[in-house]
Amino acid sequence: MPELPEVQTTVKGLKKVIIGKTIKDVWSDFHIGAKHNNKQNIKNKKYLEQFKKIITGSTIKNIERKAKNILIKLSNDYTIIVHMKMTGNLMYGLYPNNKFVHLIFKLSDGKNLVLADMRKFASVEFFKTNELHLHKRIGQLGPEPLDPKFSAKNLFEIFHSKKLPIKSALMEQKFLSGIGNIYSDEILWQTGIHPVSVTNKIPQRKFGEIFKAMQKILKLSIKEGGDSKSDYLNAFGKKGNFQNFHKVYGRKGEKCLKTNCSGTIERIVIKGRSAHFCPKHQLIYK
Ligand SMILES: [Zn+2]
């Protein structure tokens, strides 16, 4: 699933090409075969009709990332909210070479902004821009880890009162924005913390280390254009590079890469999500 660095990379790419363009037309087949027809997103046919009416003819004023969401701000004071979920990729000018395209915005420059999504889990909605804080998902997001105002102290304050496995806590979007499976595994490996460690038992100095590792890893991945171990493609259909920097994610059964560590990477499931870790140098705080 695209996490902060991947969504950031997509937004950075699209910023260069879609701002100022008018949406001439919208096409989607997301609703065909969709299971939950009452949902407030374009998988619901009635909602899709409304979406088309509101969006068509408006001009793209800006595009931003908030956690793992893409916000496309329009001239008519509405915002399109895209969550790419498992396999979604928002791309510019690539249709019709991709059979997984399920949403097309036809733009005034003759190009298309498309959402390709093999598994069709992505979610697309419209919302009044000045009411985004009321949106059920957007309105409840925790701080952004790369926000200059966010500190190691803030991170400690969020987590030390909780009693959750650190792996799950790092991925909970209400606590912290934008981190998922890959980056939580990498952060915990880097800081020597076992993923089942309980948040309120982890000492404050370790949160200082988590904060530093998080900054370093997320920034490196953004620099490398995100992670394409799974299906991620950037705004122009190109893969990112961060999968070549994994220390632990997806390395089950392989030797730990930490200097002088003789551990072998293991994989467990915590609250339904996989966690990769080294049982030798990642300590359990509980
Ligand atoms: Zn190790």
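As the structure is a computational prediction, the values presented were derived from the model and not from experiment. (Residues numbered from 1 in each chain as written. Predicted model: local features only at pLDDT ≥ 70, side-chain atom pairs only at ≥ 80, totals over all residues.)

Brief notes about the nonpolar core
Counting 66 residues, the largest nonpolar core has Val82, Leu90 and Leu115 as its most contacted members. Not counting chain neighbours up to four residues away, the residues in contact with Leu115 comprise Val82, Gly88, Leu90, His102, Leu103, Ala122 and Val124. (Core = buried A, V, L, I, M, F, W, Y, C linked by C-beta atoms within 7 Å. Buried ≥ 20, exposed ≤ 12 C-beta atoms within 10 Å, placed from the backbone. Contact = placed C-beta atoms within 7 Å.)

Examining the environment of Lys99
Secondary-structure assignment places Lys99 in the loop between strand S5 (88–92) and strand S6 (101–107). The class of Lys99 is exposed, set by 8 C-beta atoms lying within 10 Å. Sequence-wise, Lys99 and Met118 are 19 residues apart; in three dimensions their C-alpha atoms are separated by 8.6 Å. (Helix = DSSP H or I, 4+ residues; strand = E, 2+ residues; numbered from the N terminus.)

Quick word on the sheet that holds S6
What links the strands of a sheet is backbone hydrogen bonding, and the strands pair in either a parallel or an antiparallel sense. If you walk across this open sheet you meet the 4 strands as S1-S6-S7-S5, and the pairing is antiparallel. Each edge of the open sheet carries a strand with a single partner, namely strand S1 (23–28) and S5. Averaged over all pairs of adjacent strands, the angle between strand axes in this sheet comes to 15°, irrespective of strand direction. Where S6 and strand S7 (residues 112–117) come together, 5 bridges link them in antiparallel fashion. By the bridge assignment for S7, Leu103 is matched with Leu115. Contacts from helix H1 (residues 4–18) reach S5, S6 and S7, with the element oriented near 25° to S5. (Pairing = 2+ DSSP bridges. Axes fitted to C-alpha atoms, helices over the stretch in contact; angles between N-to-C directions.)

Let's talk about the packing of H1 against helix H6 (residues 204–223)
Running from N to C, H1 and H6 point in directions that differ by 35°, and their axes come no closer than 9 Å. For the crossing formed where H1 meets H6, the hand is right-handed. Here H1 contributes Leu4, Pro5, Gln8 and Thr9 to the contact with H6, which in turn contributes Leu218, Ser221 and Ile222. When the residues that make up the contact of H1 with H6 are grouped by side-chain class, the tally is 4 nonpolar, 3 polar and no charged. (Left-handed = near helix turned anticlockwise from the far one by under 90°. Nonpolar A, V, L, I, M, F, W, Y, C, P; charged D, E, K, R; others polar.)

Focus on the sheet that holds strand S4 (residues 78–83)
One open sheet holds the 4 strands; their spatial order is S2-S3-S4-S8, and the pairing between them is antiparallel. Edge positions in the sheet fall to strand S2 (60–66) and strand S8 (123–128), since each has one partner strand and no second. Strand-to-strand twist in this sheet, taken as the mean axis angle between neighbours without regard to direction, amounts to 20°. Bridge count between S2 and strand S3 (residues 69–74): 6 bridges; the pairing is antiparallel. Along S3, the bridge assignment pairs Ile60 with Leu74. On top of the sheet, H1 reaches S2 and S3; it is set at about 170° to S2, its chief contact.

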